[in-house]
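Coordinate inspection notes
Residues per chain, in single letters:
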Number of protein chains: 2
Amino acid sequence: MNSPIPQPGSPLPHTQQGIRRRNLSLVLHTVAAQGPLSRATVASRIGLTRAAVSTLVDELVRADLLVELGPEQRSGTVGRPGSALALSERCPVGIGAEIGVDHLAACAVDLHGTVRARAVLEGDNRGRPPEPVLKELARLIREVTDTARAAGLRPAGLGVAVPGLVARDARTVVRAPNLGWTQVDLGRHLGDTLPPRVDNEANLGALAELWLGGERVAADAPATDGEPATGGAPATGGGAAPRDFLHVSAEIGIGAAVVVDGRLLRGARGFAGELGHVPVRPEGPDCPCGGRGCLEQYAGAEAVLRAAGLPPGEGRIGLLTALAEDGDERVRRALRGAGSALGIAVSGAVNLLDPQTVVLGGALSRLAPWLLPSMERELLRRTADPERPGGASVTVSRIGSDGPLLGAAHAVVQAVLDDPVSVAPPPG
Amino acid sequence: MNSPIPQPGSPLPHTQQGIRRRNLSLVLHTVAAQGPLSRATVASRIGLTRAAVSTLVDELVRADLLVELGPEQRSGTVGRPGSALALSERCPVGIGAEIGVDHLAACAVDLHGTVRARAVLEGDNRGRPPEPVLKELARLIREVTDTARAAGLRPAGLGVAVPGLVARDARTVVRAPNLGWTQVDLGRHLGDTLPPRVDNEANLGALAELWLGGERVAADAPATDGEPATGGAPATGGGAAPRDFLHVSAEIGIGAAVVVDGRLLRGARGFAGELGHVPVRPEGPDCPCGGRGCLEQYAGAEAVLRAAGLPPGEGRIGLLTALAEDGDERVRRALRGAGSALGIAVSGAVNLLDPQTVVLGGALSRLAPWLLPSMERELLRRTADPERPGGASVTVSRIGSDGPLLGAAHAVVQAVLDDPVSVAPPPG
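Residues numbered from 1 in each chain as written. Chains lettered and ligands numbered in written order. Predicted model: local features only at pLDDT ≥ 70, side-chain atom pairs only at ≥ 80, totals over all residues. Heavy atoms only, no water.

Digging into the pattern of salt bridges
Residues and elements named next belong to chain A.
- Under the defined criterion, the tally for this structure stands at 38 salt bridges over all chains.
- Notably, a salt bridge pairs arginine 292 with aspartate 286, separated by 3.7 Å at the nearest N-O pair.
- Arginine 292 gets classed as partly exposed once you look at its relative accessible area, which sits at 27%.
- By relative accessible area, which is 58% here, aspartate 286 ends up exposed.
- A salt bridge links glutamate 378 to arginine 381; the shortest N-O distance between them is 3.6 Å. Here glutamate 378 and its partner arginine 381 are both found in helix 11 (residues 364-383), 3 residues apart, which amounts to about one turn of the helix.
- Since its relative accessible area comes to 11%, glutamate 378 is described here as buried. (Salt bridge = Lys/Arg side-chain N within 4 Å of Asp/Glu carboxyl O. Buried < 20%, exposed > 50% of the residue type's maximum accessible area, 1.4 Å probe, protein only. Helix = DSSP H or I, 4+ residues; strand = E, 2+ residues; numbered from the N terminus.)

What follows is the structure in structure tokens.
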């Protein structure tokens, strides 16, 4: 029998070493999310003994990830107050960067999820060769990294969001059609910053939704802000983010990401999420992908501009938003048509995947007021079933176009929280 | 920040007790799949010390799950030969049962994956009330259970496959339209056998593909066969089954199951896999689900019979297969049309999910010769991309209509392999 030896996605520790790493992660996650907390409180939250937690905390304190603030102030508790644990003021930060079609950006996010530094450069990157674009991006990355270091923080890694297909090496942009790039090795071009970990913008936008979607988005701290993250109230808080959802986003093309049980479904070859090429009308217009009647032929930016009688060009989504806000009836009609096509394609995905919710993210969140009514009409008609109540609703992302940049930084933050001992110890 | 404390699908052990269970499972999985093996070989395969493995083996021997056969016979090995470990002759078996529209079946499958007993009752169950059907099924279950017990095996649980929607309690059939059942509690009706664990037939068919798909299907042993499973060569063997695939099956309706990284994607409410209601032509014929132009309106059994000019009725898939084999051109044309519709709907799923492969299972595997050419043509056109080579191919299940029954029994077998200490010890 071909009984596979269990190989779940996340490696299962079966050694003392593996368990120690897992438990260090549980402690750090708990303090980052809910701290400051006493050792006893941490122990009760994660179901380990206080003695076991103390050993783990000592290691995290030695690695300068946690600090002890002194006695925990809580009224109504019995017994000796424990010393409250908090994230170290010199805690690691994730550096995120984004290559957008019309902007470049970088940011630094600490283990609380607070943005500690941010830099943006507007400008049309379509058709520009990689070298000057990546030179500008490297400058932004150095800017936020320097700001973070000046505040005593430790940059722990660099995530980069790109509008294209990324190779399995997480360095090479295989193809970014709207930039006009093919086979660009970002590891080589950004090599004098931190080694980049590159991912598709739609994937990172969905991960941002997973990690931040249940909350208010962290307000940006000014780049000069040296206040330690652990000193004040956490910048974010709120309800639970969904863990099973379809994230639909668009800049020029239409992308999607499927998150199942809190994990991004990447596909066997890493090409999952091509919602833009789901057939809407099988005998519809030819699509450059080789198919016919793909969703992008009805709801992509080019198709919507064409339906609205507008010429193709830059700043497309901004223009559509402005005209729709002004009440332009041709634009609104074009967006209603796009919403219907989105509803048809998303209905298929909902019937197949049964997600908790469908999140409209990226630029689509700005167009939601005009897309949603027709999209929801199709969804209701094609997925509602009295015997299967509680079908997927559509929600609009509160993160919006910031998703890919925040997702890139948070990917680094999550890697630190998931494996704290992987972070280099502080200098000195 | 809403950093979730890690909660992957499979619970992560962070206690000694959890690790012990995990490691007992690793040892039992390894011996079931590759045994007989020495303790030293098991230790090297799973990356634990020989001492640790010995402790685990002792526990599995005490629970009568493993036995020691005496010195391992292997030429060319250095040092003292180890004692070979094998599954106990009194090992647990999984009991599977299936409620089909035109048959009832039960079987017993041991930890090697060998079918040790089997019983089938042909007959049309459409419109029959649950009581007499479940009475007949209980008789078949008792028959295979008695046969297994007579061979010294220990029935460890009962899985039941049904052609309908199952509630979260894994006991209640919410709705089985082709049987005409709603809200039937199988736990109550089958209560004097083993407590049943009920699941949808398409889900169990996909799990059978996952567990058995890379191999020859186990040849049935006669019901009177008392030969111990551990005594002879394993009945199955072969290549690796895919771990990321879309399984498409049909009896009357069309179902699908998405398997990602070896796990069945069930959906937030347990309703994933409704490929039959993915829109193929959004302005197509009305579907009883409330939508229009759903896949079932083009590729469901009723639609194919209508397109072939045949009246609806029983034995539909058998009739279509027979006529297509005879060269009936109307039937073949109807099947080509169904294949195209399948190709359009599956293209959308492939673009969204990027599976390794698409498996045609259940009754569709019998119709594959006439469905495949047009289905593959649509898939190639709508999913092939020179920049994303190696798109999903379509494979035909070798398990075919046996999938749900074998999947039901194997679900019990997998539960034993995954948590050996959960099994009751042998009597005496």
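Back to the write-up after that little detour.
So, the pairing of strand 12 (residues 245-250) of chain A
Residues and elements named next belong to chain A.
- Within strand 12, 6 of the 6 residues are buried, which leaves the element mostly enclosed by the surrounding structure.
- Across the two faces of strand 12 the burial is the same, with Phe245, His247 and Ser249 and Leu246, Val248 and Ala250 all buried.
- Taken together, the 6 bridges between strand 12 and strand 13 (residues 254-260) define a ladder with antiparallel strand orientation. What sits directly across from valine 248, in strand 13, is alanine 256.
- Where strand 12 folds back onto strand 13 in an antiparallel hairpin, the turn is made up of 3 residues.
- Note that strand 12 and strand 15 (residues 357-360) share 4 bridges and pair parallel. Of the residues in strand 15, the one forming a bridge with histidine 247 is valine 359. (Pairing = 2+ DSSP bridges.)

Things to note about the nonpolar core
- The biggest cluster of nonpolar side chains holds 92 residues, and the ones touching the most others in it are Val248 and Leu275 of chain A together with Val248 and Leu275 of chain B.
- Discounting chain neighbours no more than four positions away, the residues touching leucine 275 of chain B are Leu352 of chain A together with Val248, Ile254, Ala256, Leu295, Ala345 and Val346 of chain B. (Core = buried A, V, L, I, M, F, W, Y, C linked by side-chain atoms within 4.5 Å. Contact = heavy atoms within 4.5 Å.)

Brief notes about the environment of glycine 213 of chain B
Residues and elements named next belong to chain B.
- Tracing the chain through its elements places glycine 213 in the loop between helix 6 (201-212) and strand 12 (245-250).
- Residues glycine 213 and valine 198, 15 residues apart in the sequence, show an inter-C-alpha distance of 22 Å.
- Sequence-distant contacts of glycine 213, defined by excluding residues within four places in its chain, comprise Ala208, Ala241, Arg398 and Ile399.

Focus: helix 3 (residues 50-62) of chain A
All names here are of chain A.
- Between the first and last C-alpha of helix 3 there are 18 Å, a value that for 13 residues agrees with the 18 Å anticipated at 1.5 Å per step.
- Restricting attention to buried positions, one finds in helix 3 the residues Val53, Ser54, Leu56, Val57 and Leu60.
- One or two residues past the end of helix 3 sits aspartate 64, with phi positive at roughly 60°. (Expected span 1.5 Å × (residues − 1).)

Some words on unusual backbone geometry
- Residues other than glycine seldom take positive phi values, yet aspartate 354 of chain A does so here, at roughly 50°.
- Secondary-structure assignment places aspartate 354 of chain A in the loop between helix 10 (329-353) and strand 15.
- In this structure, aspartate 64 of chain B is a non-glycine residue whose phi angle is positive, near 60°.
- Structurally, the position occupied by aspartate 64 of chain B is in the loop between helix 3 (50-62) and strand 2 (66-71).
- Among the residues examined, aspartate 64 of chain B registers a relative accessible area of 11% and is labelled buried.

Quick word on the sheet that holds strand 16 (residues 393-396) of chain B
Residue and element names in this part refer to chain B.
- One open sheet accounts for 5 strands, arranged 14-13-12-15-16; its pairing is mixed. Sheet topology places strand 14 (263-265) and strand 16 at the edges, where each strand pairs with a single neighbour. Each strand of the sheet is rotated relative to its neighbour by a mean of 30°, with strand direction disregarded.
- Of the strands in this sheet, strand 12, strand 13 (254-260) and strand 15 (357-360) are in contact with helix 10 (residues 329-353), which crosses strand 12 at around 155°.
- Docked against the sheet, helix 11 (residues 364-383) engages strand 12, strand 15 and strand 16, running at close to 175° with respect to strand 16. (Axes fitted to C-alpha atoms, helices over the stretch in contact; angles between N-to-C directions.)

Overview of the sheet that holds strand 6 (residues 115-122) of chain A
All names here are of chain A.
- Strand order across the open sheet formed by 5 strands is 6-5-4-7-11, with mixed pairing between neighbours. Edge positions in the sheet fall to strand 6 and strand 11 (196-200), since each of these pairs with one other strand and no more. The sheet shows a mean angle of 15° between the axes of neighbouring strands, taken without regard to direction.
- Strand direction decides the pairing type here: strand 5 (residues 103-110) and strand 6, joined by 7 bridges, are antiparallel. In the sheet register, alanine 106 faces strand 6, and the bridge partner there is alanine 119.
- Set on the sheet, helix 6 (residues 201-212) makes contact with strand 7 (154-162) and strand 11; between it and strand 11 the angle comes to about 95°.

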